[in-house]
Amino acid sequence: LRYNMVGDALIGIIHKKPKEGGISAVGGTGSVYTYYGPKEKKFASLTKSFVTIDLPTIMPALGLGDEPIPLWWTSDFINSSPPGTAAKDEKWIVGEFNCSCVGISKCL
């Protein structure tokens, strides 16, 4: 799951799923991308937690507390919950933050 961010605002969500039998959801591997708006109810719990609780702590946690949050960046999440877990109870783990290759071509 990728959150596309502009500053501290979520502008879109992309669910990346590897093709059947695949292990990578990188573009060009046959993976399936589903695009959602920033207020997608399916991810409301994660969005609320990330934007209101986690986001203000990211730059300080990286030792960059005096720096602004990047202009355009992404946060990729991995769902670590067992299959069948209710959306409100899912546990998502950040796999990476990216500020240099954010895939803006699909947004233009």
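Per chain, residues are indexed from 1 in the order of the written sequence. For a predicted model such as this one, the threshold for reporting local features is a pLDDT of at least 70, and the threshold for listing and counting side-chain atom pairs is 80 or more; totals across whole chains, interfaces and linings nevertheless cover every residue. Excluded from the side-chain calculations are hydrogens and water; all other atoms, namely the structure's heavy atoms, are used.

Draft legend 1. Examining the pattern of salt bridges more closely. Salt bridges are defined as contacts in which a side-chain nitrogen from Lys or Arg sits within 4 Å of a carboxyl oxygen from Asp or Glu. Counted under the stated rule, the structure contains two salt bridges. Across the pair Asp-76 and Arg-2 runs a salt bridge whose closest N-O atoms are separated by 2.6 Å. Of this pair, Asp-76 sits in strand 4 (residues 72-79) while Arg-2 is found in strand 1 (residues 2-6), placing the two residues 74 residues apart along the sequence. When a residue's accessible area, from a 1.4 Å probe over protein chains only, is under 20% of the maximum for its type it is buried; when over 50% it is exposed; and in between it is partly exposed. According to the relative accessible area criterion, Arg-2 is buried, its value standing at 9%. Salt-bridge contacts for Asp-89 lead to Lys-88; the nearest nitrogen and oxygen are separated by 3.2 Å. Overall, the relative accessible area of 47% leaves Asp-89 in the partly exposed class. Secondary structure follows DSSP: runs of H or I at least 4 residues long count as helices, runs of E at least 2 residues long count as strands, and numbering of each begins at the N terminus.

Draft legend 2. Seen up close, the packing of aromatic side chains. For Phe, Tyr and Trp, where Trp contributes only its six-membered ring, two rings pair if their centres lie within 6.5 Å, and the inter-plane angle classes them as stacked under 30 degrees, edge-to-face over 60, or tilted in between. By the definition in use, this model includes eight aromatic pairs. For the pair Phe-43 and Trp-92, a centre-to-centre distance of 6.3 Å together with 80° between the ring planes defines the contact as edge-to-face. Taken together, the residues span a long stretch of sequence, with Phe-43 in the loop between strand 3 (32-36) and helix 1 (44-61) and Trp-92 in strand 5 (residues 92-98) at a distance of 49 residues. The same class applies to Phe-43 and to Trp-92, which are both buried. Pairing Phe-50 with Trp-73 gives two aromatic rings, centres 6.3 Å apart and planes at 55°, and the pair type is tilted. With Phe-50 in helix 1 and Trp-73 in strand 4, this pair connects stretches of sequence that are 23 residues apart. A relative accessible area of 2% places Phe-50 in the buried class. With relative accessibility at 2%, the residue Trp-73 sits in the buried group. Among the aromatic residues, those joined into a ring-pair cluster are Tyr-3, Phe-50, Trp-73, Phe-77 and Phe-97.

Draft legend 3. A look at the layout of surface pockets. Looking at the largest pocket, its volume works out to about 240 Å³. If you go around the largest pocket, the residues you meet are Leu-1, Arg-2, His-15, Lys-16, Asp-76, Phe-77, Ile-78, Asn-79, Trp-92 and Glu-96. Broken down by secondary-structure element, the contributors of at least two residues to the lining of the largest pocket are strand 2 (9-17), strand 4 and strand 5. Considering each element in turn, the lining of the largest pocket owes the most residues, four residues, to strand 4. Put plainly, a pocket is an open set of points on a 1 Å grid over the protein atoms alone with protein on both sides within 12 Å along at least five of seven lines, a cavity is a set where a 1.4 Å probe fits but cannot get out, and a lining residue has an atom within 4 Å of a point. Grid points are joined across faces, edges and corners, and a volume is the space filled by probe spheres set on the points. A volume near 200 Å³ is recorded for the second largest pocket. Lining the second largest pocket are 18 residues, and of these Ser-45, Leu-46, Ser-49, Phe-50 and Trp-92 sit closest to its centre. Of all elements in the fold, only helix 1 and strand 5 reach the threshold of two or more residues within the lining of the second largest pocket. Any residue outside Ala, Val, Leu, Ile, Met, Phe, Trp, Tyr, Cys, Pro, Asp, Glu, Lys and Arg is labelled polar, Gly included; the first ten of those are nonpolar and the last four are charged. Tallied by class, the residues present in the lining of the second largest pocket amount to eleven nonpolar, two polar and five charged.

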